[in-house]
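Close look at the chain arrangement
What follows is each chain in one-letter form.
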Amino acid sequence: VRRAEPVVDALLARHLKEAGSYPASMAMVLWGIDNIKTEGEAVAQALSLIGVAPRRDAMNRATDVDVIPLAKLGRPRIDVVMTVSGIFRDLFGSTMTLLDTAVRRVAALDEPTELNLIKRNVEAQITETNCSFDEAAVRVFSNAAGNYGTNVNFMVLDSQWEDSAELGALFLTRK
């Protein structure tokens, strides 16, 4: 957390300076080996963007999250969509659950939607698609168990595509 917060603060300050506003949403890729090497720095960044802090158990494992009050956070909660590598999925299932818990808890808060961008985007998706809260709140994506990668690189290398929509469709299908 101590390394993640300055990175998040710098990222948001840069976006605010360049765009004049906070990002409505962000995408992150969480890699298994990177998570191991940095002791979960990218996960801590995602939690910080969402506006929660990890709660640790007696063995110092992050097992739950505490919502940071908006007054203390001092900025909107950012909607973070995460895709995780196959190795991350295989090794860090409890971390994926923690991230999912964080998003769902924040999406259900009684907060103004201009300060809780997760809630705003979840509510918009429910309205636009008539889906359930559970469907709209999904923010952590992975390949199916036993699958690794999107295979988009193979499609590109073998010139097995006519337009970019095909590449996007393969990516979505694999995730």
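All figures in this text were calculated on a predicted structure; none of them were measured in a lab.

1. Here we look at the packing of helix H6 (residues 93–107) against helix H7 (residues 117–129)
The geometry of H6 relative to H7 is characterised by a closest axis approach of 8 Å and an angle of 80 degrees between their N-to-C directions. The orientation of H6 with respect to H7, classified from their angle, is roughly perpendicular. Residues Val103, Val106 and Ala107 of H6 lie in contact with H7, whose contacting residues are Ile118, Lys119 and Val122. Looking at the contact of H6 with H7 residue by residue, the classes come out as five nonpolar, no polar and one charged.

2. Description of the environment of His15
When you line up the elements, His15 lands in helix H1 (residues 4–19). There is a polar contact of 2.8 Å between the side chain of His15 and the backbone oxygen of Ser21.

3. Observations concerning unusual backbone geometry
Within the chain, Glu39 stands out as a residue other than glycine whose phi angle is a positive 55 degrees. Within the element layout of this structure, Glu39 appears in the loop between helix H2 (32–37) and helix H3 (41–50). The phi angle at Asn60 is positive, at roughly 70 degrees, despite the residue not being glycine. As for its placement among the helices and strands, Asn60 is situated in the loop between strand S2 (52–56) and strand S3 (62–67).

Basis of the calculations
Residues numbered from 1 in each chain as written. Predicted model: local features only at pLDDT ≥ 70, side-chain atom pairs only at ≥ 80, totals over all residues. Heavy atoms only, no water. Axes fitted to C-alpha atoms, helices over the stretch in contact; angles between N-to-C directions. Helix = DSSP H or I, 4+ residues; strand = E, 2+ residues; numbered from the N terminus. Parallel < 35°, antiparallel > 145°, perpendicular 65-115°, else oblique. Contact = heavy atoms within 4.5 Å. Nonpolar A, V, L, I, M, F, W, Y, C, P; charged D, E, K, R; others polar. Polar contact = N/O pair within 3.5 Å; in protein donor to acceptor, adjacent residues only side chain to side chain.

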